[in-house]
Amino acid sequence: MSARLVVLVSGEGTNLQALIDAAQDEAYGADVVAVGSDRPGIKALDRAHHANIPTFTVSTKSHETRHKWDEALTEACRQHEPDLIVLAGFMKLVGEPFLKAFGGRCVNTHPALLPSFPGTHGVRDALDHGVKVTGCTVLIVDDGVDTGPIVAQASVPVHDGDDEETLHERIKVAERGLLVATVGRMVREGWSVDGRKVRIGP
Ligand code: GAR
């Protein structure tokens, strides 16, 4: 039986699309059963609609406190009975209720080689620092900002003359492949977390 993925998004949704495309093949081992966002009107939601995948939007603005927003997001995800939640360009930090429900089975993809350059400007920060190699990281979500145990990473060269956009586009090519491969292995082989070490497989 395929694993149930809920994917949370905030933007363009190219990583989401890569997961939707991969899941077309039964052998992938996972289905995207719902797509959730923190804002309406984004391209990622259009991609979900186009693929006939149910969506939900839980915006911080329509909740009195961040805690209430987190509870609503948790409940919206829970309704789809996910085996794994994937934050694919989801630009909000999840909080205690969410982690209580889904801790250890929620992964995020980040456009830098963690622990370098966490946060919302990972690409720009790496470029400003002058690194020659950057990349992307799939990590287990914890209560910090991109601090969770690392599941997989891929490196990407920085080219002379890169700006944030060109570098991010190159990273996103690697990122889509890494995310699809990593999520696929996780759902097919299982995973365990021992301190900071993540192991995929029995
Ligand atoms: C991805 O590069 C992802 O790593 C990044 O947003 C992009 C989303 O692209 N996420 C973060 O920076 C989170 N801190 P997409 O919407 O096309 O998948």
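In case you missed it, the structure is sitting above this.
Definitions and cut-offs
Residues numbered from 1 in each chain as written. Predicted model: local features only at pLDDT ≥ 70, side-chain atom pairs only at ≥ 80, totals over all residues. Heavy atoms only, no water. Near = heavy atom within 4 Å. Polar contact = N/O pair within 3.5 Å; in protein donor to acceptor, adjacent residues only side chain to side chain. Areas by Shrake-Rupley, 256 points an atom, 1.4 Å probe, with all protein chains shown as cover. 1 Å grid on protein atoms, 1.4 Å probe; cavity = no way out; pocket = protein on both sides within 12 Å on 5 of 7 lines; lining within 4 Å. Sits in = over half its atoms within 2 Å of the grid points. Helix = DSSP H or I, 4+ residues; strand = E, 2+ residues; numbered from the N terminus. Expected span 1.5 Å × (residues − 1). Buried < 20%, exposed > 50% of the residue type's maximum accessible area, 1.4 Å probe, protein only. Core = buried A, V, L, I, M, F, W, Y, C linked by side-chain atoms within 4.5 Å. Contact = heavy atoms within 4.5 Å. Points joined across faces, edges and corners; volume = space filled by probe spheres on them. Nonpolar A, V, L, I, M, F, W, Y, C, P; charged D, E, K, R; others polar. Salt bridge = Lys/Arg side-chain N within 4 Å of Asp/Glu carboxyl O. Phe/Tyr/Trp six-rings, centres within 6.5 Å; stacked < 30°, edge-to-face > 60°.

Remarks on the site of the ligand
Close contacts around the ligand come from 13 residues, with G13, T14, H168, K172 and E175 the closest. The separation between an oxygen atom of the ligand and a polar main-chain atom of P111 is 3.4 Å. Between the ligand and H168 there is a distance of 2.7 Å, counted from an oxygen atom to a side-chain nitrogen or oxygen. Protein contacts shield 93% of the accessible area of the ligand, which totals 450 Å² for the unbound molecule. More than half of the atoms belonging to the ligand lie within 2 Å of the grid points that define the largest pocket.

Side note on helix 6 (residues 164-189)
Given a rise of 1.5 Å per residue, 26 residues ought to cover 38 Å, and the 36 Å separating the end C-alpha atoms of helix 6 matches this to within 8%. Buried within helix 6 are the following residues: L167, I171, K172, E175, L178, L179, V180, T182, V183, G184 and M186. One side-chain oxygen at the N-terminal end of helix 6 lies 3.1 Å from the backbone nitrogen of E165; it belongs to D163.

Details of the nonpolar core
Counting 45 residues, the largest nonpolar core has L19, V32, V86 and V183 as the members making the most contacts within it. By residue number, the principal contributor to this core is helix 6, which donates seven residues. Sequence-distant contacts of L19, defined by excluding residues within four places in its chain, comprise V7, Y28, V32, V86, L179, V180 and V183. The next biggest cluster of nonpolar side chains, apart from the first, holds 20 residues, and it includes L73, L87, F102 and C106.

Here we look at the layout of surface pockets
Empty space among the atoms becomes visible once a probe the size of a water molecule is rolled across them. Each pocket or cavity is described by its volume, and for the largest pocket that value is around 790 Å³. As for the largest pocket, its lining consists of 39 residues, of which G89, F90, M91, T109 and P111 are closest to the centre. Counting only elements with at least two residues in the lining of the largest pocket, the list comes to helix 1 (14-23), strand 5 (106-110), helix 5 (122-129), strand 6 (133-140) and helix 6. For the lining of the largest pocket, the leading source of residues is helix 6, giving four residues. Classifying every residue of the lining of the largest pocket gives 13 nonpolar, 17 polar and nine charged.

Side note on the pattern of salt bridges
Taken as a whole and judged by the stated rule, the model has eight salt bridges. In this structure, D38 engages R39 in a salt bridge whose closest nitrogen and oxygen atoms are separated by 3.0 Å. On the basis of relative accessible area, R39 is assigned to the partly exposed category, the value being 31%. For D162, the salt bridge identified is with R170, shortest N-O distance 2.7 Å. With relative accessibility at 22%, the residue R170 sits in the partly exposed group. Bridged by salt links that share partners, the residues D38, R39 and K92 form one connected network.

Brief notes about the side chain of T134
In this fold, T134 is placed in strand 6. Contact partners of T134, with chain neighbours within four places excluded, come to P111, A112, L113, A126, A154, S155, V156, V158, L167 and I171.

Overview of the packing of aromatic side chains
The final tally for this structure, using the stated rule, is two aromatic pairs. For the ring pair W69 and F90, a centre distance of 6.4 Å and an interplane angle of 15° mean the geometry is stacked. Taken together, the residues W69 in helix 3 (residues 66-78) and F90 in the loop between strand 4 (84-87) and helix 4 (96-102) connect sequence positions 21 residues apart. In this structure, W69 and F90 share a single accessibility class: buried.

Comments concerning the side chain of S10
Relative to the helices and strands, S10 resides in the loop between strand 1 (3-9) and helix 1. With relative accessibility at 7%, the residue S10 sits in the buried group. Among the polar contacts made by the side chain of S10, one reaches the side chain of D38 at a distance of 2.9 Å. Setting aside chain neighbours within four positions, we find S10 in contact with D38, R39, I42, G89, F90 and M91.

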